[in-house]
Amino acid sequence: MTISRRTFLQAASGLALTAAFAGVPGLAFAQSVDLDELLKPGPLGDKILGSEDAPVTIVEYASMTCGHCANFHKKTYPALKSDYIDTGKVRLIFREFPLDAVAAAAFMLARSAPADKYFDIVDIMFEQQRAWAFTDNPYNSLLNFSKQIGFTQESFEEALTNQGLLDAVNAVRDRGANEFGVNSTPTFFINGEKHSGALSIEDMGKIIEEKL
């Protein structure tokens, strides 16, 4: 089935959130969460970088259309990966928290690509965010972008009309909000301790070093 921009937006409308996403009573100001509960994977399984034996685990909730998330991944993430993830000190778990329908669609594409390409695609999406996320025609922009990362129009449409995949992405977002008080992006849980905002490598490194 061929989907239009209008049907794409209608199908994903349930994922649209306001910028001021409402906090969850009793959780919105929590500084830490139960680590065992936090580490239980969602319905699609977690996307993980780093050693399972790393002394520090960072769970990141991000939205593909969030400018602060893009800034973190362009400015802080490279040093985090080289200094902490690749050296066995940190394990990173990346989770979907779409703030709008376009972000949800982007995550659906990333999840529909070969599993070993997930983080490469996320990196490219953040690097080129303005080219596909903020346009007058998000459907066409995302379609054109998807072709650069290996999708055809047919596989693009197949990904975006996969209701089970949409429900699973939605479930990850809802659990983050309802159980762990995620109310903005990016939000990081560093060994269960909550930190919000696009942390610099200096700030994140200081938190990590305290937990090593």
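Since this is a predicted model, take the numbers as computed values, not measurements.

(A) Geometry of helix H10 (residues 163-180). With 18 residues, H10 extends 25 Å from end C-alpha to end C-alpha; this agrees with the ideal 26 Å at 1.5 Å per step. Along H10, the residues that are buried comprise Leu165, Leu166, Ala168, Val169, Asn170, Val172, Arg173, Arg175, Gly176, Ala177 and Phe180. Measuring from the side-chain oxygen of the N-cap residue of H10 to the backbone nitrogen of Gly164 gives 3.2 Å; that N-cap residue is Asn162. A positive phi of about 70° marks Gly181, the residue just after H10.

(B) Structural view of the packing of helix H8 (residues 138-148) against helix H9 (residues 153-160). Direction vectors running N to C along H8 and H9 enclose 120°, while the axes themselves pass 10 Å from each other. As summarised for this structure, H8 and H9 are arranged oblique, according to the angle between their axes. Relative to H9, the crossing made by H8 is right-handed. Contacts from Tyr139, Leu142, Leu143, Ser146 and Lys147 in H8 reach Gln153, Phe156 and Glu157 in H9.

(C) Quick look at empty space enclosed by the protein. Summed over the entire model, instances satisfying the criterion amount to 1 cavity of 30 Å³ or more. Here the largest cavity defines a volume of roughly 40 Å³. If you go around the largest cavity, the residues you meet are Gly42, Asp46, Tyr61, Arg95, Val172 and Arg175. Of the residues in the lining of the largest cavity, the class split is 2 nonpolar, 1 polar and 3 charged.

(D) Structural context of helix H4 (residues 77-85). Along H4, the residues that are buried comprise Tyr77, Leu80, Tyr84 and Ile85. Each buried residue of H4 sits inside an arc of 75° when the element is viewed along its axis, so together they form one side. Of the surrounding elements, those touching the buried residues of H4 are strand S1 (47-49), strand S2 (56-62), helix H3 (67-75), strand S3 (90-96), helix H6 (118-127) and helix H11 (201-211).

(E) Just the confidence of the model for the protein chain, in detail. Model confidence for the protein chain is summarised by a mean pLDDT of 87, while 86% of its residues fall at 70 or above. pLDDT under 50 marks residues 11-30. Its contacts with residues more than four places away, or in other chains, come to 36 contacts.

(F) Main features of the pattern of salt bridges. Summed over the entire model, instances satisfying the criterion amount to 7 salt bridges. The salt bridge partner of Glu37 is Lys40, with a shortest N-O separation of 2.7 Å. Accessibility expressed as a relative area gives 31% for Glu37, which makes it partly exposed. By relative accessible area, Lys40 is classed as partly exposed at 42%. Where Arg95 meets Asp46, a salt bridge forms, and the shortest distance between an N and an O atom there is 2.9 Å. Here the residue Arg95 occupies a position in strand S3, and Asp46 occupies one in the loop between helix H2 (35-38) and S1, the gap between them amounting to 49 residues. By the burial criterion, Arg95 is buried, and Asp46 matches it.

(G) Local environment of the environment of Thr87. Among the secondary structure elements, Thr87 is positioned in the loop between H4 and S3. Exposure remark for Thr87: the relative accessible area of 45% places this residue in the partly exposed category. Engagement of the side chain of Thr87 in a polar contact is seen with the backbone oxygen of Tyr84, the distance being 3.2 Å.

About the thresholds
Residues numbered from 1 in each chain as written. Predicted model: local features only at pLDDT ≥ 70, side-chain atom pairs only at ≥ 80, totals over all residues. Heavy atoms only, no water. Helix = DSSP H or I, 4+ residues; strand = E, 2+ residues; numbered from the N terminus. Expected span 1.5 Å × (residues − 1). Buried < 20%, exposed > 50% of the residue type's maximum accessible area, 1.4 Å probe, protein only. Polar contact = N/O pair within 3.5 Å; in protein donor to acceptor, adjacent residues only side chain to side chain. Axes fitted to C-alpha atoms, helices over the stretch in contact; angles between N-to-C directions. Parallel < 35°, antiparallel > 145°, perpendicular 65-115°, else oblique. Left-handed = near helix turned anticlockwise from the far one by under 90°. Contact = heavy atoms within 4.5 Å. 1 Å grid on protein atoms, 1.4 Å probe; cavity = no way out; pocket = protein on both sides within 12 Å on 5 of 7 lines; lining within 4 Å. Points joined across faces, edges and corners; volume = space filled by probe spheres on them. Nonpolar A, V, L, I, M, F, W, Y, C, P; charged D, E, K, R; others polar. Arc of directions from axis to C-beta. pLDDT = per-residue confidence, 0-100. Salt bridge = Lys/Arg side-chain N within 4 Å of Asp/Glu carboxyl O.

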